[in-house]
Amino acid sequence: MAAMTTVPSYAPSLWVRVCHALPRLDLTMQMRDNVFVPDSWEYQQTLLVLSSLSAIALVVSLLVVLSFLIHYCCCHRGDRSEGSEEEEEDEDGSTGHGYSGKKGRGICCVTWVAVAAVTLCCVAIGIGFYGNSEANDGMYQLTSSLLTANYTLASIDLLISDTISGLQLSVSGPLSSMEELFTGSKPFLVSTRNCRRLSENVINLLSSISLSRSGLDAGLGNDSSVSGAAITPLTPVPPSVAPTMVPSGGLMPNPFSPGWAANTLMVNEDYRWLSYVLLLLLDLIVCLFILLGLAKQARWLLILMTVLAWLALFLSWGSLGLETATVVALSDFCSDPNAFVLNSTQFTTGTSADILDYYLTCSRRMNSPFQQLLTQSQRALSNIHTHLSSLDRNALPQFPKAEKSLREVQQILNSTEGNFHQLVALLNCRGLNKDYIDSLKGLCYDGMEGLLYLSLYSFLSALAFTAILCSLPGAWRSFPSESEEYEDSDSESEDPFTSHQARRQTPSGPQRGAFYNYPGAGWTPPFSSAPPLPTLPAC
């Protein structure tokens, strides 16, 4: 943590500190430290142990579901006869497909358990969509910062190569011509040779400025053959088209290249985002069709959704294990990223620790490692400008043929000074340090939060699908069988006028209905199944 106090505008979040403080055990159940060393087998063992917790939870879920299946298959066989007797007793008080008694209460319980599990699954899906979006935003900020840093480093290399090319052009072209013209004048010849010597000195100084950007030199105008045209001020390319060299075989380049890292992360993030979207849509489809199957009492639909629920259960616990390992590893990195960067050979190969520390911390008390080189180069360019001004005032009246060569050298010197000022600004630590801090915030704030939400989604969805798989067998038992549906259809197709209910409603005493038999009339109510009442004699 002490190293992070020197990095401005960044501090590990609460979740980073909590996850970083988790105990670490290797495969032999021995305690290990929580220093982020991804290439170490001991550190990888601690991540495997944490991921295995989700495998243990998967086994527990399978045992719970298996116990419920045994309960429904073995312990409820005797309930069928009791259920048939209860149905005969409750037949007089129920109409249609209504249920009552223990069976009705069981159906209600199973239905509400299934609905609650599906609701929990839908809540988990919403959390998963939010977490997937947060993680994608964090990775987008990370890749954008890496591309900006790659653009800055590419511009530095391009400025150096352009400045060196311009000075080499002036040494090999117009300065050589001026030396030939000033052969008879020793003071002018000495000034011209001093310009050559200072130009070569600047070339050597700028050539020693390097940030170990292997792979960028091929596309940054490092060609030694230059044309005779004047050098124009440099306009660096934008980050989207900045040259980035991708190594063959997909291996990490040595030294580290931000452009390669950004391109690799963007491709992997696209696949990760799409995979989670498909997983979330699968869970959503399963939940919706389970509700539809319960509402329609469709056995085939529930059987199909049960198979998909098993698949979703395995995917949920599997993704939780992967997310757990990623969250812990990311918390270890975000707790002290400077220590990993300074100690990693991918970053330190060919680059001094002072240069890395200068750009990572960007402290006001630290001097730039290029300060001495830039100061000497600036003094040399100023001396060249002084010698050229002296030659312009004193040599041109005597040697008018040297005017063309002198003007070319002055034009190259002006372009070189413009590029040199841009180079000084880009070599300042503030630009690259800001990109570094932005990448840390995107990865350790938004990325970490998104992974935590995705872990919560995986855990809740796994619990929901475990409850769904436990309750669906009870839902199948509550559905009417094919024979019951056939009997119901037969009873509905009977003649309503001769049905059992119509016969039960036949009164044994005098008829009390909506139709009356007036004295002297022999008329009987229509559609009546009862015999006609006798007519009374008239008074």
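Residues numbered from 1 in each chain as written. Predicted model: local features only at pLDDT ≥ 70, side-chain atom pairs only at ≥ 80, totals over all residues. Heavy atoms only, no water.

The next point concerns the overall build of the chain. Tallying secondary structure elements over the chain gives 16 helices and two strands in all. For the chain, buried positions account for 40% of its 539 residues. Contacts in the chain between residues at least 24 apart in sequence constitute 79% of all its contacts with a sequence separation of at least 6. When the accessible surface of the chain is split by element, carbon and sulfur atoms take 61% of a total near 29,800 Å². (Helix = DSSP H or I, 4+ residues; strand = E, 2+ residues; numbered from the N terminus. Buried < 20%, exposed > 50% of the residue type's maximum accessible area, 1.4 Å probe, protein only. Contact = heavy atoms within 4.5 Å. Areas by Shrake-Rupley, 256 points an atom, 1.4 Å probe, with all protein chains shown as cover.)

The next thing to look at is the pattern of salt bridges. A pair can form between side chains of opposite charge whenever their charged atoms are brought close. Within this structure, the stated rule accounts for seven salt bridges. For R407, the salt bridge goes to E403, with nearest N and O atoms at 3.8 Å. One end of the pair is R407 and the other is E403, both in helix 13 (residues 403–426) and four residues apart, which spans about a single turn. On the basis of relative accessible area, R407 is assigned to the partly exposed category, the value being 34%. Residue E403 is classed as partly exposed on the basis of its relative accessible area, which comes to 38%. Three or more residues are tied together by salt bridges with common partners; here these are D392, E403 and R407. (Salt bridge = Lys/Arg side-chain N within 4 Å of Asp/Glu carboxyl O.)

The next subject is the state of the cysteines. One pass over the structure, following the stated rule, counts two disulfides. Each disulfide pairs two cysteine sulfurs, and for C334 the partner residue is C444, the sulfurs being separated by 1.9 Å. Linking C334 and C444, the disulfide has an S-S dihedral of approximately -85° and is accordingly described as left-handed. Note that C334 is positioned in helix 8 (residues 299–335) and C444 in helix 14 (residues 429–478), a separation of 110 residues in sequence. Taken individually, C334 and C444 each receive the classification buried, so the pair is uniform in this respect. Between the sulfur atoms of C362 and its disulfide partner C429 the distance amounts to 2.1 Å. Between C362 and C429, the S-S dihedral sits near 65°, and the bridge is therefore right-handed. Of this pair, C362 sits in the loop between helix 11 (353–361) and helix 12 (371–394) while C429 sits in helix 14, and the two are 67 residues apart along the sequence. For the pair shown, C362 and C429 are each scored as buried. This cysteine, C122, is not joined by any disulfide, and C287 carries the nearest cysteine sulfur, 4.8 Å off. (Disulfide = S-S within 2.5 Å.)

On to the side chain of S170. Structurally, the position occupied by S170 is in helix 4 (residues 101–172). Since its relative accessible area comes to 3%, S170 is described here as buried. Here S170 is in contact with L175, S199 and I412, once residues within four sequence places are set aside.

Glancing now at the packing of aromatic side chains. Under the defined criterion, the tally for this structure stands at eleven aromatic pairs. Ring geometry for F36 against F340: centres 4.9 Å apart, planes inclined by 70°, an arrangement best described as edge-to-face. With F36 in the loop between strand 2 (31–32) and helix 2 (41–74) and F340 in helix 9 (residues 337–343), the pair connects residues that are 304 residues apart, well separated along the chain. In this structure F36 comes out as buried when scored by relative accessible area, which is 18%. (Phe/Tyr/Trp six-rings, centres within 6.5 Å; stacked < 30°, edge-to-face > 60°.)

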